[in-house]
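Working through the structure, step by step
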Amino acid sequence: MGERNRYTEAIILTVREQGENNRSVCAVSADMGIFHATLFGGPKSRLRSLVQPFNSGTMFIYDDESRHQKKVSDFDARNFHASLKENLYKTWAANLASEILMKTRCAGDDRSAYILLKAFLDGIDAGTEEQARIGTIRFLWRYITLLGVQPEICECIGCGRPLTDSQAKARAKPFFSPAQNGFFCSECRSFERESQDAFFEMSIGGLEYLEAINTMTPGQVRRIQLDPESMNDLKRFTFHLIEQAVGQTLLSLKSGAGIL
């Protein structure tokens with residue numbers, strides 16, 4: 001009793017050396033969430049070449065519950081995500097997504113987090129670097145939603161004025177208030193007591209894109225073109241939000257600052 005074989009659809013998040021020949025594998029699946037298992041075998045092991053970061057497929061696990069230990073007995077890798085290992089930006093973006101899942105324990109929703117990560121890795125692997133950069137914005141915004149901390153983006157939290165209506169482009173940019181977790185129109189901003197440095201300016205195009213992510217299908221959103229200004233605003237905004245939501249510094253953002 002306490003020993004059994006099982007299998008699950010999994011994505012490899014990290015692989016670290018453990019002793020002379022073994023490796024500690026961190027993976028995520030829809031039914032097990034984040035879990036760790038030991039991979040036995042030296043450098044020439046066939047299994048070792050398959051169990052690599054960001055590969056996904058069916059993992060077969062020997063679960064020794066009495067010893068609180070899991071062993072990777074086999075791995076049917078079906079998607080190797082080759083470009084994630086060849087393109088520096090994609091590598092760091094995948095690392096960022098993996099770190100977020102690990103530090104938030106899948107936001108308490110293993111299945112949704114797994115589906116979101118799988119779609120993200122498949123998407124950036126299939127696209128260009130430019131598409132991957134926009135895809136990272138979409139992933140972060142959706143994960144912020146999964147964490148339950150998505151701020152109000154359609155109306156000014158001060159006066160209730162719509163921020164993305166037909167007249168919005170004629171007005172000054174709205175500002176995001178970290179303290180209030182919402183956007184102020186330019187008129188209401190002048191009444192707030194937060195320091196000037198605390199506010200994030202956001203283009204109307206950026207807000208419209210976030211709204212599109214919430215309301216349109218993934219295919220429809222992917223067809224929307226983002227201007228450089230909106231892209232820059234969204235990057236700064238979502239990076240700030242996800243780090244605040246996680247509650248600690250994300251090493252991927254810190255170490256990959258010049259890449260991400």
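Residues numbered from 1 in each chain as written. Predicted model: local features only at pLDDT ≥ 70, side-chain atom pairs only at ≥ 80, totals over all residues. Heavy atoms only, no water.

1. Here we look at the overall build of the protein
The helix and strand inventory of the protein stands at 10 helices and eight strands. Oriented by its inertia axes, the alpha-carbon framework of the protein measures out at about 65 × 35 × 30 Å. Residues counted as buried form 46% of the 260 residues belonging to the protein. A fraction of 63% describes how many contacts in the protein between residues 6 or more apart in sequence connect residues 24 or more apart. Here the protein displays about 13,100 Å² of accessible surface, and carbon together with sulfur accounts for 48% of that area. Looking at the protein, you have 31 positive and 32 negative side-chain charges, and the mean spots of the two groups are 4 Å apart. (Helix = DSSP H or I, 4+ residues; strand = E, 2+ residues; numbered from the N terminus. Buried < 20%, exposed > 50% of the residue type's maximum accessible area, 1.4 Å probe, protein only. Contact = heavy atoms within 4.5 Å. Areas by Shrake-Rupley, 256 points an atom, 1.4 Å probe, with all protein chains shown as cover. Lys, Arg positive; Asp, Glu negative; His and termini not counted. Charge placed at Lys NZ, Arg CZ, Asp CG, Glu CD.)

2. Structural notes on the packing of aromatic side chains
By convention here, two paired aromatic rings are described through the distance between centres and the angle between planes. Applying the stated criterion across every chain yields a total of eight aromatic pairs. Note on F176 and F200: the rings are 6.4 Å apart at their centroids and 55 degrees apart in plane angle, and the pair reads as tilted. Of this pair, F176 sits in strand β6 (residues 175–177) while F200 sits in strand β8 (residues 200–201), and the two are 24 residues apart along the sequence. Cluster of aromatic residues (ring-pair linked, three or more members): W141, F176, F183, F200 and F237. (Phe/Tyr/Trp six-rings, centres within 6.5 Å; stacked < 30°, edge-to-face > 60°.)

3. Observations concerning the side chain of S98
Relative to the elements of secondary structure, S98 occurs in helix α3 (residues 88–104). Using a relative accessible area of 2% as the deciding quantity, one classes S98 as buried.

4. A closer look at the nonpolar core
Considering soluble globular proteins, one finds that nonpolar side chains tend to be buried as a cluster. Judged by nonpolar contacts, the single largest core of 60 residues is most densely connected at V28, L101 and F139. Counting residues per element, this core draws most heavily on helix α5 (residues 129–146), at eight residues. Setting aside chain neighbours within four positions, we find F139 in contact with A97, I100, L101, L116, L117 and F120. Within the second largest apolar cluster, 16 residues are counted, among which are A10, A37, L39 and A77. (Core = buried A, V, L, I, M, F, W, Y, C linked by side-chain atoms within 4.5 Å.)

5. Let's talk about the packing of α3 against α5
Relative placement of two packed helices is described by the angle separating their axes and the distance separating the axes. At a minimum axis distance of 10 Å, the contact between α3 and α5 shows a crossing angle of 10 degrees. Looking at the two axes, α3 sits roughly parallel to α5. Contacts between α3 and α5 involve Y89, K90, A93, L96, A97, I100, L101 and T104 on the former and, on the latter, E129, A132, R133, T136, F139, L140 and Y143. The residue inventory of the contact of α3 with α5, partitioned by class, reads 10 nonpolar, two polar and three charged. (Axes fitted to C-alpha atoms, helices over the stretch in contact; angles between N-to-C directions. Parallel < 35°, antiparallel > 145°, perpendicular 65-115°, else oblique. Nonpolar A, V, L, I, M, F, W, Y, C, P; charged D, E, K, R; others polar.)

6. Re the state of the cysteines
Scanning the model with the defined rule gives zero disulfides in all. No disulfide involves C185; its nearest neighbouring cysteine sulfur is the one of C188, lying 3.7 Å away. In this structure C185 comes out as buried when scored by relative accessible area, which is 4%. (Disulfide = S-S within 2.5 Å.)

7. Quick look at the pattern of salt bridges
Overall, the coordinates contain 13 salt bridges when judged by the stated rule. Taking the shortest distance from any N to any O, the salt bridge between R133 and E129 comes out at 3.0 Å. Placement of both R133 and E129 in helix α5 is noted, with a separation of four residues, approximately one turn of the helix. Close ionic contact of K173 with E229 constitutes a salt bridge, the shortest N to O distance being 2.6 Å. Highlighted residues: K173 in the loop between α5 and β6 and E229 in helix α9 (residues 228–246), separated in sequence by 56 residues. Residues joined by salt bridges that share partners form a network here, namely K173, E201, E229 and D233. (Salt bridge = Lys/Arg side-chain N within 4 Å of Asp/Glu carboxyl O.)

8. Looking at helix α7 (residues 204–215)
Across its 12 residues, α7 extends 16 Å between first and last C-alpha, which sits within 8% of the 16 Å expected from 1.5 Å per residue. Listed in full, the buried residues belonging to α7 are I204, G206, L207, Y209, L210, A212 and I213. Looking at the buried residues of α7, the elements they touch are α5, β7 (182–184), α8 (218–222) and α9. (Expected span 1.5 Å × (residues − 1).)

9. Details of the sheet that holds β6
One open sheet accounts for three strands, arranged β7-β6-β8; its pairing is antiparallel. Here the strands that pair on one side only, and so sit at the sheet edges, are β7 and β8. Of the strand pairs in this sheet, β6 and β8 are connected by two bridges, and their pairing is antiparallel. Bridging across to β8, F176 finds its partner in F200. (Pairing = 2+ DSSP bridges.)

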